[in-house]
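# Understanding the architecture of this molecule
Each chain, letter by letter, is given below.
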Amino acid sequence: MTVSAEWSWWRVALAGMRDALSLPAWVVGFGLVGIGSLARDVGYPVEVAVLSTMLVWAGPSQVIFFASIAAGAAWSAIAIAVGFASLRFLPMTVAILPLLRRPGQGVWMQLLLAHYVAVTAWTEGLRRLPHVPPAQRVAYFLGFANTCMATSSVGTFLGYYLIGALPIPFAAGLLCLTPIFFLASLTAGLRHRGDAAAIVLGLALAPICDRFIGGGFDLIVAGLIAGTIAFALRPKRAAP
């Protein structure tokens, strides 16, 4: 959706909400249905499940959180595990915050914006924000990300009560929606051969590294190799 520099803050936020509801919010919402079921299995109330979606805002980290509780792990160990699982968001945050940073913007606003950085908000933000006037980007991003979070909270709530009624293949398929949409969004946002090389090499190296490395380091190694090659293939900037 086109955003005009003359629009009010609320109108820009509404544009972000509409873009989120066009598909991305539904994908991430359905993808977190399983979190509600997992919270119910470990004996936690639905309020905790929904709150985990709003505060943690990361499906894999939420799975680690509730699975660790079920295993009887210490709270300190759970906090460390969730923290390490969320480290993947650090480079995402570093990449997208320059698009959202404005003159005079306080640290607290930047921390708030960083909280919303997740796979869907990041990929769609990198693709959509360059086409939004710089002064309108924060409003647009907050409208987009809050809509995704609200839809995901509803999905978590529904999953708490309904996942038992869903066929197992369908419930498992819901978990695959987010990575499939993530790949589709990355493909739609390709800008040069370096981006294409990163995706192709990442897909090719992932099963190879899983076979010969494994141990939880396979994706790290695959990403490091593919990213390094893609960085080398990026277009060179013209000299000033």
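Thresholds, definitions, all that
Residues numbered from 1 in each chain as written. Predicted model: local features only at pLDDT ≥ 70, side-chain atom pairs only at ≥ 80, totals over all residues. Heavy atoms only, no water. UniProt positions renumbered as here; feature names shortened; annotations may be inferred. Helix = DSSP H or I, 4+ residues; strand = E, 2+ residues; numbered from the N terminus. Salt bridge = Lys/Arg side-chain N within 4 Å of Asp/Glu carboxyl O. Buried < 20%, exposed > 50% of the residue type's maximum accessible area, 1.4 Å probe, protein only.

Right, let's get into the UniProt feature "transmembrane region" (unreviewed entry) in the protein. Mapped onto this structure's residue numbering, the UniProt feature "transmembrane region" (unreviewed entry) falls at residues 20–42, 63–87, 138–162, 168–189 and 219–235. Taken end to end, residues 63–87 has its terminal C-alpha atoms 15 Å apart, with 76% of it in helix and 0% in strand. Split by type, residues 219–235 is 82% helix and 0% strand. Its first and last C-alpha atoms lie 26 Å apart.

This part covers the pattern of salt bridges. As enumerated under the stated definition, the model contains three salt bridges in all. Ionic pairing is found between Asp19 and Arg128, a salt bridge with its closest N-O pair at 3.6 Å. With a gap of 109 residues between them, Asp19 in helix 1 (residues 9–21) and Arg128 in helix 9 (residues 119–128) connect regions that are remote in the sequence. For Asp19, a relative accessible area of 7% gives the class buried. In this structure, Glu124 engages Arg127 in a salt bridge whose closest nitrogen and oxygen atoms are separated by 2.8 Å. In this pair, Glu124 and Arg127 are both assigned in helix 9, three residues apart and thus about one turn of the helix distant. Its relative accessible area of 1% is what places Glu124 among the buried residues. Salt bridges sharing partners connect three or more residues here, namely Asp19, Glu124, Arg127 and Arg128.

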